[in-house]
Amino acid sequence: MTPCTPTLFTTGERPQDAALRDIMAEIEGFFAVHAAQGTWPGGVHLEITGGDVTECLGGGEKLSEAKLEEAYQTLCDPRLNARQSLDLAFHLAE
């Protein structure tokens, strides 16, 4: 994990990876802290794409570490693919 972004980690040759479950947990914690403090969260920043990339683990497709190499394209932060983005949106809406 990187100290600046706790949801990132390194596997294999890629510079960094992320897991959807960790991203969801971090966002849930963010909203919980604001609720406890009686403050309004200004929003969240996510790296997403409508493309069929394989840069983050998990989601409805159950993307595994073995599948990351299939379409890992980013040279910077890993992005949620279209399905994972929708999974996250519906999870947050609940």
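Residues numbered from 1 in each chain as written. Predicted model: local features only at pLDDT ≥ 70, side-chain atom pairs only at ≥ 80, totals over all residues. Heavy atoms only, no water.

Colleague: I tried to follow the packing of helix α1 (residues 20–37) against helix α2 (residues 82–93) on my own but got confused; where do I start?
Modeller: To characterise two packed helices, one gives the angle between the axes of the helices and the distance between these axes. Contact geometry of α1 with α2 gives a least axis separation of 11 Å together with a crossing angle of 30°. Accordingly, the angle class assigned to the pair α1 and α2 is roughly parallel. Remark: the crossing between α1 and α2 carries right-handed chirality. On the side of α1, the interface is formed by L20, I23, M24, I27, E28 and F31, while α2 contributes Q84, D87, L88, H91 and L92. Taken together, the residues of the contact of α1 with α2 break down into 7 nonpolar, 2 polar and 2 charged. (Axes fitted to C-alpha atoms, helices over the stretch in contact; angles between N-to-C directions. Helix = DSSP H or I, 4+ residues; strand = E, 2+ residues; numbered from the N terminus. Parallel < 35°, antiparallel > 145°, perpendicular 65-115°, else oblique. Left-handed = near helix turned anticlockwise from the far one by under 90°. Contact = heavy atoms within 4.5 Å. Nonpolar A, V, L, I, M, F, W, Y, C, P; charged D, E, K, R; others polar.)

Colleague: What's the story with α2 in this structure? I'm lost.
Modeller: The end-to-end C-alpha separation of α2 is 17 Å, in line with the 16 Å expected for 12 residues at 1.5 Å each. In the core, the buried residues of α2 are packed alongside α1 and β3 (56–57). Two to three positions downstream of the cap, the backbone nitrogen of R83 sits 3.2 Å from a side-chain oxygen, assigning the N-cap of α2 to N81. (Expected span 1.5 Å × (residues − 1). Polar contact = N/O pair within 3.5 Å; in protein donor to acceptor, adjacent residues only side chain to side chain.)

Colleague: Explanation requested: the confidence of the model for the protein in the structure shown.
Modeller: Regions with low pLDDT carry predicted coordinates that are not meant to be interpreted in detail. When pLDDT is averaged along the protein, the result is 82, and 82% of the positions lie at 70 or above. Within the protein, no element has a lower average pLDDT than strand β1 (residues 8–9), which sits at 50, and none a higher one than α1, at 92. (pLDDT = per-residue confidence, 0-100.)

Colleague: Help me out: how do you make sense of unusual backbone geometry in this one?
Modeller: What you tend to see is this: most non-glycine residues have negative phi, and most peptide bonds are trans. A positive phi angle is found at K62, which is not glycine, with a value near 55°. Inspection of the secondary structure puts K62 in the loop between β3 and α2. Overall, the relative accessible area of 67% leaves K62 in the exposed class. (Buried < 20%, exposed > 50% of the residue type's maximum accessible area, 1.4 Å probe, protein only.)

Colleague: Whenever I open this one, the packing of aromatic side chains confuses me. Can you help?
Modeller: Given two aromatic rings, one states the distance between the centres and the angle between the planes to describe the pair. Under the counting rule described, the total for this entry stands at 1 aromatic pair. Summarising the aromatic geometry, the rings of F30 and F31 are spaced 5.4 Å apart at their centres and angled 70° between planes, so their arrangement reads as edge-to-face. For F30, a relative accessible area of 29% translates into the label partly exposed. F31 sits in the partly exposed class, given a relative accessible area of 37%. (Phe/Tyr/Trp six-rings, centres within 6.5 Å; stacked < 30°, edge-to-face > 60°.)

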